[in-house]
Amino acid sequence: MTTDPADAPAPAPAPAPAPAAGRRAPAGAAVLREDVTEAIRAAVVEELAAVGFSRMSIEGIARRAGVGKTAVYRRWKSKLHLVLDLVGAFAVDGLPVPATGSLYGDVRALLEVLSHVLRHPVASAVIPDLLVEAARNPEIADAVRGALLDGERRMAEGIVSEAVARGELAQGTDPGRALDLAIGPLYWRQVVARDAVPGRYLDDLARSVVAGLKATSPGS
């Protein structure tokens with residue numbers, strides 16, 4: 001097996017008094033070099049493009065990155081965790097809910113975020129393969145749902161809640177419908193058809209999403 005000197009144990013520090021408020025890292029602790037980590041991430045994207053998720057292996061990733069398998073396993077315990085780490089880099093979880101003061105403005109802002117995510121080169125390489133695997137494997141489906149959809153769902157719930165409070169939507173409007181109306185067209189155009197998405201398209205789509213939400217609100 002290929003050794004990986006880039007991730008060799010760190011040398012023991014020279015004897016020195018420990019700070020009163022902290023602890024010294026144990027001698028021999030592994031030093032995970034950032035350049036090695038980035039090389040592995042780049043190798044994952046290349047490996048996915050070459051063979052797809054189902055045929056991708058830690059061995060192939062390590063070989064492509066020029067490191068040993070142990071360097072990969074020090075950072076991620078499986079290829080699924082490795083890929084989900086990449087997905088997490090462009091997930092929207094943690095972003096603030098749009099607060100433009102109108103339902104149209106909030107939906108338009110959400111579409112801008114989603115469009116930016118789908119334009120990411122890693123997203124275009126990873127997401128289609130992951131969705132295929134998710135259809136076959138419940139564990140992957142759960143992981144993908146958590147990595148990709150939780151943040152979007154939270155934003156949609158916030159947008160709908162604020163619109164209800166302003167009187168733009170009726171109580172009981174389904175936030176999931178907002179995501180369906182927004183993500184479906186964008187995913188089809190950017191990931192499947194791979195067409196450019198000009199700003200006016202997002203403007204028109206935002207109006208369509210708003211109209212759809214109002215038309216399907218309770219009591220409409």
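Worth saying up front: this structure is predicted, and the values here are computed from it rather than measured.

1. Brief notes about the packing of helix α1 (residues 34–51) against helix α2 (residues 58–65)
For step 1, the next point in the chain: Running from N to C, α1 and α2 cross one another at 120 degrees; their axes reach a closest spacing of 8 Å. Compared by their axis directions, α1 and α2 come out oblique. The crossing of α1 and α2 is right-handed. Within the contact between the two elements, α1 uses A39, I40, A43, V44, E46, E47 and A50 and α2 uses G60, I61, R64 and A65.
For step 2, the next point in the chain: Class assignment of the residues belonging to the contact of α1 with α2 gives a composition of seven nonpolar, one polar and three charged.

2. What about the side chain of S115?
For step 1, the next point in the chain: Note that S115 resides in helix α5 (residues 103–119).
For step 2, the next point in the chain: Setting aside chain neighbours within four positions, we find S115 in contact with L186, Q190, V197 and L202.

3. Regarding the packing of aromatic side chains
For step 1, the next point in the chain: The final tally for this structure, using the stated rule, is zero aromatic pairs.
For step 2, the next point in the chain: Over the ring of Y201 we find R189; its NZ or CZ atom is 4.4 Å from the centre of that ring.

4. Section: helix α7 (residues 138–166)
Because each turn of an α-helix spans 3.6 residues, side chains separated by three or four positions in sequence point in the same direction.
For step 1, the next point in the chain: Between the first and last C-alpha of α7 there are 39 Å, a value that for 29 residues agrees with the 42 Å anticipated at 1.5 Å per step.
For step 2, the next point in the chain: Phi for G167, located one or two positions after α7, is positive at around 85 degrees.

5. A few points about the pattern of salt bridges
For step 1, the next point in the chain: Scanning the entire structure with this criterion turns up 13 salt bridges.
For step 2, the next point in the chain: A salt bridge links E46 to R64, with the shortest nitrogen-to-oxygen separation between them at 3.8 Å. Here E46 is found in helix α1, whereas its partner R64 is found in helix α2, with 18 residues between them in sequence.
For step 3, the next point in the chain: Residues K69 and E59 are paired through a salt bridge, measuring 3.5 Å at the closest nitrogen-oxygen approach.

6. Overview of the environment of S217
For step 1, the next point in the chain: Considering the arrangement of structural elements, one finds S217 in the segment after α9 (199–216).
For step 2, the next point in the chain: The spacing of S217 and Q171 is 46 residues in sequence and 7.9 Å in space, taken between C-alpha atoms.
For step 3, the next point in the chain: Not counting chain neighbours up to four residues away, the residues in contact with S217 comprise L169, A170 and T173.

7. Some points on the confidence of the model for the chain
For step 1, the next point in the chain: Within the chain, residue pLDDT values average 81, and 83% of them lie at 70 or more.
For step 2, the next point in the chain: Element-level pLDDT for the chain is lowest in helix α6 (residues 121–134), with a mean of 75, against a maximum mean of 95 in α2.

8. Observations regarding unusual backbone geometry
For step 1, the next point in the chain: Located in the positive-phi region is R194, a residue other than glycine, with phi close to 55 degrees.
For step 2, the next point in the chain: Residue placement: R194 occurs in the loop between α8 (175–192) and α9.
For step 3, the next point in the chain: Note on R194: relative accessible area 54%, which makes it exposed.

9. So, the nonpolar core
For step 1, the next point in the chain: The biggest cluster of nonpolar side chains holds 56 residues, and the ones touching the most others in it are I40, V44, V83 and L186.
For step 2, the next point in the chain: The dominant element in this core, judged by the number of residues it contributes, is α7, at 10 residues.
For step 3, the next point in the chain: If we ignore the near neighbours within four places in the chain, the residues touching L186 are L111, L114, S115, L118, V191, V197, Y201, L202 and L205.

10. Examining the environment of P96
For step 1, the next point in the chain: You can see P96 is positioned in the loop between α4 (79–88) and α5.
For step 2, the next point in the chain: For P96, a relative accessible area of 65% puts it in the exposed group.
For step 3, the next point in the chain: For P96 and G151, which are 55 residues apart along the polypeptide, the C-alpha to C-alpha distance reads 9.7 Å.

11. Focus on the packing of α5 against α9
For step 1, the next point in the chain: Two numbers describe how α5 lies on α9: the axes approach to 9 Å, and their chain directions differ by 125 degrees. With respect to each other, α5 and α9 are oriented oblique. Pair α5 / α9 crosses with right-handed handedness. Together, L103, Y104, V107, R108, L111, E112 and S115 of α5 and G199, L202, D203, L205, A206, R207, V209, V210 and K214 of α9 make up the contact between the two elements.
For step 2, the next point in the chain: Residue classes in the contact of α5 with α9 are distributed as nine nonpolar, two polar and five charged.

Parameters and conventions
- Each chain carries its own residue numbering, running from 1 in the written order of its sequence.
- Selection of residues for local features in this predicted model requires a pLDDT of at least 70, selection of side-chain atom pairs for listing and counting requires 80 or more, and totals for whole chains, interfaces and linings are taken over all residues.
- Based on all heavy atoms of the structure, the side-chain values leave hydrogens and waters out of the count.
- In this analysis an axis means a line fitted to C-alpha atoms, helices contributing only their contacting stretch, and an angle means the value between N-to-C directions, from 0 to 180 degrees.
- Helix numbering and strand numbering both begin at the N terminus, where a helix is a DSSP run of H or I of at least 4 residues and a strand a DSSP run of E of at least 2.
- Between 65 and 115 degrees an angle is taken as roughly perpendicular, under 35 as roughly parallel, over 145 as roughly antiparallel, and anywhere else as oblique.
- Crossings are classed by handedness, with left-handed meaning an anticlockwise turn of the near helix from the far one by less than a right angle and right-handed meaning a clockwise turn.
- In this description, contact between two residues means that some pair of their heavy atoms is separated by no more than 4.5 Å.
- Amino acid classes used here: Ala, Val, Leu, Ile, Met, Phe, Trp, Tyr, Cys and Pro are nonpolar; Asp, Glu, Lys and Arg are charged; the rest, including Gly, are polar.
- Only rings of Phe, Tyr and Trp enter the pairing, Trp through its six-membered ring, and a pair is recorded when the two centres are within 6.5 Å. The plane angle decides the type: under 30 degrees is stacked, over 60 is edge-to-face, the rest tilted.
- A ring has a charge above it when a Lys NZ or an Arg CZ is no more than 6 Å from the ring centre and no more than 35 degrees off the ring normal.
- Expected span of a helix, by definition, is 1.5 Å for each gap between consecutive residues, and there is one gap fewer than residues.
- Between Lys or Arg on one side and Asp or Glu on the other, a salt bridge is scored when a side-chain nitrogen of the former is within 4 Å of a carboxyl oxygen of the latter.
- One confidence number per residue, pLDDT, is output by the predictor and ranges from 0 to 100.
- Burial status follows relative accessibility: with a 1.4 Å probe on protein chains alone, a residue under 20% of its type maximum counts as buried, one over 50% as exposed, and anything between as partly exposed.
- Definition of nonpolar core: a set of buried residues of the types Ala, Val, Leu, Ile, Met, Phe, Trp, Tyr and Cys, connected through side-chain atoms within 4.5 Å.

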